[in-house]
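# Structural features, examined
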Amino acid sequence: MHPAVVVVDMLDDFVTGPLANPRSERIIPRIAELLDGARDRGWVVCYANDAHLPGDPEEKIWGQHAMAGTPGAQVIARLAPHATDIEFPKRYYSSFYETGLGGYLRQRDVDTVILVGQHTHMCVRHTSADAFNLGLRIIVPTDGVEAFTDADHEGGLAYLRQVYGASTPTIAELLASHPTA
Ligand code: ZN
């Protein structure tokens, strides 16, 4: 397995800002553990971050959020990227759409994506769709993703399992099944 962790939209605007989600607190320490484990194992670590421009399609649905270059569009300090991690700005739900992430993962011989962040039924789902189309294996840890409601979170996970064949272990299970060399 040549995995990459992709941290989706763990930005100030999505944790404490205009689209604050108190439920996201649950996953922050778990994602931090995953990132530590991934770096210990030499796995690729990427971040896919909303960086919207005025008039982007989502603005009609959600209002302005995570505008490119604003503090709210930064990854939260508790999950701050390391120097060797790559950040991919995005303007759409999918982390792959017009971002260069797909080409980057191909260059690094990645065959599996581990998706964490927000939200289970939106950006994680759209990212999974593009990962599926690229032939990547998809892992979505249940304690690494969140949504605004239980129904959206649980329904989102069920959809990812059914439609994309995603596996949904806990982060502890995932790391335990891939011990460091
Ligand atoms: Zn957005």
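Structural data are supplied above this passage.
Residues numbered from 1 in each chain as written. Predicted model: local features only at pLDDT ≥ 70, side-chain atom pairs only at ≥ 80, totals over all residues. Heavy atoms only, no water.

## Observations regarding the overall build of the protein chain
Each helix and strand counted, the protein chain has 7 helices and 6 strands in total. The helix and strand sequence of the protein chain, counted from the amino end, reads β-α-α-β-α-β-α-β-α-β-β-α-α. Its C-alpha atoms give the protein chain a radius of gyration of 15 Å, within 12% of the compact-globule value 16 Å for 181 residues. Here the protein chain, with 181 residues, has 51% of them falling under the buried criterion. Expressed as a percentage of contacts within the protein chain between residues at least 6 apart in sequence, the contacts between residues at least 24 apart total 78%. Carbon and sulfur atoms form 53% of the exposed surface of the protein chain, whose accessible area is close to 8100 Å². Distance between charge centroids for the protein chain: 3 Å, based on 14 positive and 23 negative side chains. (Helix = DSSP H or I, 4+ residues; strand = E, 2+ residues; numbered from the N terminus. Rg over C-alpha atoms; globule rule 2.2 N^0.38 Å. Buried < 20%, exposed > 50% of the residue type's maximum accessible area, 1.4 Å probe, protein only. Contact = heavy atoms within 4.5 Å. Areas by Shrake-Rupley, 256 points an atom, 1.4 Å probe, with all protein chains shown as cover. Lys, Arg positive; Asp, Glu negative; His and termini not counted. Charge placed at Lys NZ, Arg CZ, Asp CG, Glu CD.)

## Quick notes on the coordination of the zinc ion
Each protein donor to the zinc ion is listed here as Asp50 (OD), His52 (NE2), Glu58 (OE) and His65 (NE2); together their distances run 1.9 to 2.1 Å. Coordination geometry of the zinc ion: the 4 donor atoms subtend angles of 91 to 160° at the metal centre, consistent with an arrangement described as irregular. In the primary sequence, the donor residues of the zinc ion line up as D-x1-H-x5-E-x6-H. (Donors = N, O, S within 2.8 Å, 3.2 Å for Na, K, Ca; no water. Tetrahedral: all angles 85-135°; square planar, octahedral: opposite > 155°, others 65-115°.)

## With respect to unusual backbone geometry
Cis geometry is adopted by the peptide bond preceding histidine 119, which originates at glutamine 118 and carries an omega value of -15°. Here histidine 119 is to be found in the loop between strand 4 (112-118) and helix 5 (123-133). Look at aspartate 9: it is not a glycine, yet its phi comes out positive at around 55°. Within the secondary structure, aspartate 9 sits in the loop between strand 1 (3-8) and helix 1 (12-15). Positive phi, close to 60°, is recorded for aspartate 109, a residue that is not glycine. By the element assignment, aspartate 109 lies in the loop between helix 4 (101-107) and strand 4. For aspartate 109, a relative accessible area of 57% corresponds to the exposed category.

## Some thoughts on the pairing of strand 2 (residues 44-50)
With respect to burial, strand 2 is a largely interior element, 7 of its 7 residues being buried. Here strand 2 shows a buried face lined by Val44, Cys46, Ala48 and Asp50 and a second buried face lined by Val45, Tyr47 and Asn49. In this sheet, strand 2 lies alongside strand 1 in parallel orientation, the contact comprising 5 bridges. By the bridge assignment for strand 2, valine 6 is matched with cysteine 46. Note: strand 2 against strand 3 (residues 86-90), 5 bridges, orientation parallel. Of the residues in strand 3, the one forming a bridge with asparagine 49 is proline 89. (Pairing = 2+ DSSP bridges.)

## Remarks on the environment of histidine 178
Considering the arrangement of structural elements, one finds histidine 178 in the segment after helix 7 (171-176). According to the relative accessible area criterion, histidine 178 is partly exposed, its value standing at 23%. Linking histidine 178 and methionine 1, residues 177 residues apart in sequence, is a C-alpha distance of 9.2 Å. With residues up to four places along the chain from it excluded, the contact list for histidine 178 reads Met1, Arg41 and Trp43.

## Observations regarding the pattern of salt bridges
Evaluated as defined, the whole model comprises 9 salt bridges. A salt bridge links aspartate 85 to arginine 39, with the nearest nitrogen and oxygen atoms 2.5 Å apart. With aspartate 85 in the loop between helix 3 (59-62) and strand 3 and arginine 39 in helix 2 (residues 28-40), this pair connects stretches of sequence that are 46 residues apart. The exposure class of aspartate 85 is buried, given its relative accessible area of 9%. Here arginine 91 ties to aspartate 56 by a salt bridge, and the two come within 2.6 Å at their closest N and O atoms. Taken as a pair, arginine 91 in the loop between strand 3 and helix 4 and aspartate 56 in the loop between strand 2 and helix 3 lie far apart in primary sequence, 35 residues in all. (Salt bridge = Lys/Arg side-chain N within 4 Å of Asp/Glu carboxyl O.)

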